[in-house]
Amino acid sequence: MSLFKARDWWATVLGEGEEFDQGCLCVGDVDNSGTGHDKVVVGSYMGVLRVFSPHASKPGEASKADAQLLEVQLRDPVIQVEVGKFVSCSELLHLAVLHPRKLCVYSVSGLVGNVEHGAQYQLKLVYEHHLQRTACNMTYGTFGGVTGHHSLCIQSMDGMLMFFEQDSYSFGRFLPGFLLPGPLCYCSRTDTLVTVSSARQVESYRYETLAVATDAETRQNSDQQGKTAGKRLTADWTLVLGEQAVDLCVPTFSQSTTSIFVLGERNLYCLKDNGQISFMKKLEYNPSCFLPYASVTEGTTNTLLGNHTNMLLVYQDVTLKWAAQLACVPVAVRLANFPDLKGVVVTLSAEGHLQCSYMGTDPSFFSTPKVDAREADYSQVDAEMKSLQKVIREVTRSQDILPKTDAEEDLSVTASVSSSMDDTSQALIPEINGVPVPSVTVKIKVKSRCALRGPKVTVCVQPPLAVTQEQFVLEPLGVGATMAVTFSAFLNGEYPPADLTGDVAVSYSSPTELNPAGVPRVAQCKFFLPLRLVCCPTSTSKNAKYKVTVDTNKPPVNLNKVFPDFAEKSEDKEGNAMAFHFISGARVTVLASKTSQRYRIQSDSFEDIWLVAKELVQRFDSHFQALGVKDFRNSFSGPIPLSEYFETVDQHFELRVSAEKYQDLLSERAVQFRAIQRRLLTRFKDKTPAPLQNLDTLMEGTYRQVIALADAAEDNRALLERAFSRLRSASHLLILLVTLWQGLGPEQSSILEATLLPLLHDTPQLGWEESVDAAVSHLLRTCLSRSPKDQALSLASSKLTLPRDTSRLKKHITLLCDRLAKGGRLTLSSEANAPTPLLLPGGVEPIAEAPADLEEPPLEMESAAKFIKKKQASKKVKKGSEDVYKVDTTKQLDPQNRPNPITTSQSRSCGQSM
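Residues numbered from 1 in each chain as written. Predicted model: local features only at pLDDT ≥ 70, side-chain atom pairs only at ≥ 80, totals over all residues. Heavy atoms only, no water.

Asks: So what about the packing of aromatic side chains? Which residues, and what values?
Replies: The full count for this structure, using the stated rule, is 22 aromatic pairs. Measuring from centroid to centroid gives 6.2 Å for F472 and F487, while their planes differ by 35 degrees, and the two rings are tilted. On the criterion of sequence distance, the pair formed by F472 in strand β35 (residues 471-473) and F487 in strand β36 (residues 482-491) is long-range, its members being 15 residues apart. As far as the burial class goes, F472 and F487 line up, both buried. Measuring from ring centre to ring centre gives 6.0 Å for F487 and F527, while their planes differ by 65 degrees; the resulting arrangement is edge-to-face. With a gap of 40 residues between them, F487 in strand β36 and F527 in strand β38 (residues 519-528) connect regions that are remote in the sequence. (Phe/Tyr/Trp six-rings, centres within 6.5 Å; stacked < 30°, edge-to-face > 60°. Helix = DSSP H or I, 4+ residues; strand = E, 2+ residues; numbered from the N terminus. Buried < 20%, exposed > 50% of the residue type's maximum accessible area, 1.4 Å probe, protein only.)

Asks: So what's going on with the pairing of strand β23 (residues 301-307)? Residues and values would help.
Replies: Of all seven residues that make up β23, seven are buried, and the element is covered over most of its length. Side chains T301, T303, L305 and N307 project from β23 onto one buried face, and the interleaved N302, L304 and G306 project onto a second face that is buried too. Where strand β22 (residues 287-294) lies against β23, seven bridges are found, and the strand directions are antiparallel. Bridge pairing links P292 to T303 in β23. (Pairing = 2+ DSSP bridges.)

Asks: Could you give an account of the layout of surface pockets, naming the residues involved and the relevant values?
Replies: In this structure, the largest pocket spans a volume of roughly 1,500 Å³. In this structure, the largest pocket is lined by 50 residues; those nearest its centre are E82, Y140, C249, L291 and R334. Those elements giving two or more residues to the lining of the largest pocket turn out to be β2 (25-28), β6 (80-84), β10 (135-141), β14 (184-187), β18 (245-249), β22 and β26 (330-336). Grouping the constituent residues of the lining of the largest pocket by class yields 31 nonpolar, 14 polar and five charged. In this structure, the second largest pocket occupies an estimated 880 Å³ of space. Considering the residues around the second largest pocket, the lining is formed by 30 residues, among which D499, W610, K614, H732 and E753 are closest to the centre. In terms of residues, the lining of the second largest pocket owes the most to one element, helix α7 (residues 695-742), which gives six residues. When its residues are assigned to classes, the lining of the second largest pocket shows 14 nonpolar, nine polar and seven charged. (1 Å grid on protein atoms, 1.4 Å probe; cavity = no way out; pocket = protein on both sides within 12 Å on 5 of 7 lines; lining within 4 Å. Points joined across faces, edges and corners; volume = space filled by probe spheres on them. Nonpolar A, V, L, I, M, F, W, Y, C, P; charged D, E, K, R; others polar.)

Take it as geometry only, folks, not as evidence of what the structure does.
Listed below in structure tokens is the structure:
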């Protein structure tokens, strides 16, 4: 039981499902009873207007129904209610009700009854104004210094101030530079209207300035005030807040000094009437409403301030004097005087909780039981501390980012791909280059262990692959229920995909003891599409532009047994050759050596080698694993095809540069097109239009240029998407070759893949080149560094932007391969900055690298000989029954006279000759 709590004096709940805001509450003697006691007027967005006269009820007794004087259902939503002298030639108080398109002024009167039912109250319309613009809020006051009655000012949603003097409309003015409406109030001492604009600054406008400014019925006329008669509307003073205002208030309890209180999202401001800051209070919570009122100490002001943690705070200037707990979050707060109690705090919540309370303390008779004092066992505490520190060290060392999954999940997802193609293809494109496009069926099985709500299945494949249906909404699953969905996957583009892997994500809600509604969770699984989906068997080709050689440590196998699904059209019955023709790509041939343990993969397209090479390596592993061979190993003896890979990088980079140029040209032509439009509109609106002076011809020509540039940008975007897919394929191939070359483990291979393939999609804001450059530079500074100087050297800029060229990226990738060749070890652990020395395939120990290798000399591809050695065409000499390779090489040494295993062949051969 809290001691500091707002004590309920009277409370009620208004309606059901109604909404309220800060303008929906006001207090005053609206029925003109003459006693000086206030009534509470509440309007809702549902259009219900209520008037209450609260009075105290006995403890434990429900509030009496006679506290509600009036309830009227209006046609329109109520935005704001105010009580004032709004009728001419009358000193009585009336009620002003603001609707979105109407302002109504009512009189509330009570008729004393002669029976036990009591008095009867009625609401009578005095006058109304139909608004031409949608209203936002309003304020009232003695505008122009007129005494005896109040005038009204309404702010519209488009920034127009509409002034009404009783039952007549005075004038309207547009606020300069308006974008969004803000709170509005009137300062009677200086006769100014104060608001907070969308520029987050307080603006004050004198009523005299508003009255003599140019009359503006439209925003266009407001923008052209300087060209017509009258004064241009300018603010008397402005003050930059730097945050949006929640509410404004000008207290009227003192006429000697005037303060303007502004409640911001994070601060409370008190301003003088000339715009100077009197004081400011920084808030550590989100405020919801406030109300300044008179203080008992002269020269100070008290402020009631409500926040979103159900607290009502009382400040004396900047000093917190009292804090009380409320039952709900207040959106409006007022002070009222009732017959039984004065100074009652009236609060209204957004859900309609109307509460009249006072600041008091009720003693709590509950006493906390005494806890038995026990001496601490320091040895036990020390042992517990050591165990906790051990757990913390283990967690820190493991560096697990993702949480570990439970042993038994609430939902299990499995995916199975059909072993054969569909009889009737579901592809959207029937055929590509005269070859029919097949499709394959994928079945997703979902099994639940407990009751689950609203499971949704989402399927994702990499373009240009597509599926017949990407999302499935399943019915709620019971305990042990199983449900399956099927769809077909197919090729939907005229270029090969970079990945045949698909992802399935099932989102569902799992109920718990603390949250019966369910906690959102996601279960995932992967499926692998067959190679036959994107290519078909064809005849072999002996000559090719690009070649890759994979070595094994086991005797050669029959390729027909490794690829049984492609053996139907194989011309080589001995299984020494196999050819694959991509539906939307080139032809790839696999050749097996008859005398050695080598396999050559060759094609006229460097990127298309990737999928076949991956499939070959995986099927070799599966084949020998089925035979029970445990020491089988694939390897690659080089050279690493960096020059071929860099060609793909350059093609992608050139298309990115072209996309940026098209975007700049489109922006220029669009600006030119809009400028011509404005000039034409100005000519057409003139009463005596001037000649067009070929503006229409210029506009038509600019329009054609915009359309042509848009078409060219769209074509470039399609080419860029295709180039990025080819770049991903080339990167996958490079990762595979480096993994086989250095014998990298799964962890190091995954780090290399995350480095060279950080993005699934290329965007104008973040591209592949700058992302890879930053990732490679990080590895060169950390796990692949040779000295502390390398770690301190900045290899990449902190801001990722499109580089000027790709020379820096090529240099860093070449340096990465060079470090791996010298025994570098890829790891994310900070303890392993120094790579462990490894022996190279030729039995040569790595030579220690000087820190100078990390310097930044200008790198052109012609001068990359310090990282690349060229080899001449090898000559094959047959000796007996064995193949002997005699290689005549001309070694090009780096400045430290050491050979480097990273080479590129002039004949574009990515491996040794067969």
